[in-house]
Amino acid sequence: MTTEQRTAGTRRARRGEPRRNPNRVLTLPETLTVKELAQLLDQSDVDVIKQLMRHGIMVSVNQVVDHQVAAVAAAAYGTRTRLAEPAEDTAAITASVGRERDELLRPRPPVVTILGHVDHGKTSLLDYIRNTSVVDKEAGGITQHIGAYQVERDGQPITFLDTPGHAAFTAIRSRGARVTDIAVLVVAADDGIMPQTDEAISHAQAAEVPIVVAINKMDLPGAQPEVVKRQLSERNLLVEDWGGEVIAVPLSAQTGDGVDDLLENLSVLAEIMELKANPDREAAGVIVEATLDRRRGPTATVLVQAGTLHVGDHIVAGAASGRVRAIHDENGAPLDAIRPGSPGVITGLNTTPEAGDILQVMRDDRAARQVANRHGQRAATGNLDTVLTLDSVVKQIDAGDIKELVLVLKADVQGSVEAVVHSLEKLSEGGDVKARVIHAGSGSVSDSDIQLAAASGGIVIAFNVGFEIGAERTAERLGVQVRNYQIIYRLLEDIEQALQGMLEPEFHEVVVGRAEVREIFDGRRGVRIAGCRILDGRIVRQGSVRVMRADQMMTETGIGSLRHFRDEVNQATAGTECGIVLEGFNDYAEGDVIVAYRMERVN
């Protein structure tokens, strides 16, 4: 650098002007924080915030900004920018787990999930298998968390998932993760099949995993295993000694009788299934549970499905990212790595992920943060494309994409359940598209019902029943449609029309965002531009809008142009400023509110 250049730079610094590097091209992710942007620009946080303020953009140091805002700041320093190539999405990576070449695959342990009715001895069985005292540590002897544990049978490891119920098991599956190879259904011999047992069967069958029945509490005087087998046969689970294919093992989790037989059957079944994975690729797995530890920070139990997870790997799991700082087994012993089919507890994430989030090793910390930010934005805005309604099923039927309509049915009494199921079966006779009830029961719609429908791509039918506490919010969060009926023929009429692709649509309006007109500018050829600030939501260029003046609607039209400064953009979000040109409308006034909306079909 010459003396003149250094002197000019000093003068600019004294005037508060930024240091410039006109030859620099900066590669930026789709989103990043202001602090991260300042580091990439080699500037202080305060300087970058000042530059954005000069352009009317108010931000804080930890605020996430998009590439367009980051480009404005970079331009102030004479730096050009380009958008980084999108990092490989975890969904695509997870799909690649099942596409490994055969010569790269190695045997892995089976993953077994314990399901069943409360107090039928699920955790007691696992407690005996592990020879620990899990039950004594739980409040009231009932499992309060999801745990993953590994035991050995004749030198062969078996991984067990101990869940607080089938809803948690399905919550993981509803997020796109298939973690279970075998489901063990625990049924108390003195109690028989209960409502939660029925739900567990439905969840396991929907997951399309083999079921092994553990008939527990055989040490009690009231044990009646034959009654349990008869009840299973009524639910299309015919055990081997009744001529079927379902393995049923009588046992006692208290005395240990029959537990070895169960483990032996699990080992044989796993051997027949020939479970394999590639241990030499970058690791991919599923978060089984996660918690915030006051001493260690966010900790997560992960089940690795392919590859090997090492200490020091850069990882992303949902909206969380970080670097694996330490790995421990279920007993707290340190590990160097987690191989396929095995669980471990990891630390090093920057926030607590959710159960069912896909964990993936990334090439570096920046790539991990980019994917995590994208997942966080999806979670914050909601993914409306995933919502399944009866109308969307009709479209898929018309397109030939699906051949069955998956339903979860809840009714007021068992008699109503049987009547509706029977009628739905008759509707499906002889048709190309069938209605399949994957679970039917009496009582209010529960969280478990919503989770099952979400995981199976189904719809909940509520006949003369309401919601349990929290279930309605779960349905909204997961995008599951619950259709309520009081008259059976209307229920059947809607389902029949859906199967025939004839359902008449209903629409309702959803407000996407609002913008207030602050200034009005004259453009070319008599076009007037509304200088606006987005009050809430977002304004999308392709969307429909109406102009409101006080309580009077001035017009309904579309957006001809949407600009952020001089750049044409696809959308503008809350808190930002933009210029809007409407199609066929010029009569703006300061204080007008432009309301963006879309019409949604509700059936």
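Structural data are supplied above this passage.
Residues numbered from 1 in each chain as written. Predicted model: local features only at pLDDT ≥ 70, side-chain atom pairs only at ≥ 80, totals over all residues. Heavy atoms only, no water.

### Let's talk about the overall build of the protein chain
At step 1: Along its length, the protein chain carries 17 helices and 33 strands.
At step 2: Looking at the protein chain as a whole, 49% of its 603 residues qualify as buried.
At step 3: Partitioning the intrachain contacts of the protein chain with sequence separation of at least 6 by distance along the chain shows that 71% fall at a separation of at least 24.
At step 4: For the protein chain, the exposed area adds up to about 29900 Å²; of that, 46% sits on carbon and sulfur atoms. (Helix = DSSP H or I, 4+ residues; strand = E, 2+ residues; numbered from the N terminus. Buried < 20%, exposed > 50% of the residue type's maximum accessible area, 1.4 Å probe, protein only. Contact = heavy atoms within 4.5 Å. Areas by Shrake-Rupley, 256 points an atom, 1.4 Å probe, with all protein chains shown as cover.)

### Brief notes about the pattern of salt bridges
At step 1: According to the stated counting rule, one finds 20 salt bridges in the structure shown.
At step 2: Ionic pairing is found between K35 and D45, a salt bridge with its closest N-O pair at 3.5 Å. Pair noted here: K35 is in helix α2 (residues 34-41) and D45 is in helix α3 (residues 45-54), with a separation of ten residues, a long-range link.
At step 3: The closest approach of N and O atoms between D522 and R528, which form a salt bridge, is 3.7 Å.
At step 4: Overall, R528 belongs to the partly exposed group, its relative accessible area being 27%.
At step 5: Because the salt bridges share partners, they merge into one network encompassing D198, R230, E234 and R235. (Salt bridge = Lys/Arg side-chain N within 4 Å of Asp/Glu carboxyl O.)

### Remarks on the environment of L185
At step 1: Relative to the assigned elements, L185 resides in strand β9 (residues 182-188).
At step 2: Spatially, the C-alpha atom of L185 lies 6.1 Å from that of V212, the residues being 27 residues apart in sequence.

### Here's the deal with helix α9 (residues 195-206)
The α-helix winds at 3.6 residues per turn, so residues separated by three or four positions along the chain end up facing the same way.
At step 1: Taking 1.5 Å per residue as the helical rise, α9 with its twelve residues ought to reach 16 Å, and the 17 Å between its terminal C-alpha atoms agrees with that figure.
At step 2: Buried within α9 are the following residues: T197, E199, A200, I201, S202, H203, A204 and A206. (Expected span 1.5 Å × (residues − 1).)

### What to know about the packing of α2 against α3
At step 1: Running from N to C, α2 and α3 cross one another at 105°; their axes reach a closest spacing of 9 Å. Here α2 lies roughly perpendicular to α3, going by the angle between them. For the pair α2 and α3, contact is made by V34, K35, L37, A38 and L41 and by D45, V48 and I49, respectively.
At step 2: Here the residues of the contact of α2 with α3 are counted per class, giving six nonpolar, no polar and two charged. (Axes fitted to C-alpha atoms, helices over the stretch in contact; angles between N-to-C directions. Parallel < 35°, antiparallel > 145°, perpendicular 65-115°, else oblique. Nonpolar A, V, L, I, M, F, W, Y, C, P; charged D, E, K, R; others polar.)

### Overview of a negative patch on the surface
At step 1: A contiguous patch of negative charge on the surface is contributed by D119, D190, D191, D219 and D257.
At step 2: Take D219: it is sitting in the loop between β10 (211-216) and α10 (225-234).
At step 3: A residue is classified by how much of its surface remains accessible, and D219, at 38% relative accessible area, is partly exposed. (Patch = residues over 30% accessible without salt bridge, like charges linked within 9 Å, V, L, I, M, F, W, Y side chains within 5 Å. Lys, Arg positive; Asp, Glu negative; His and termini not counted. Charge placed at Lys NZ, Arg CZ, Asp CG, Glu CD.)

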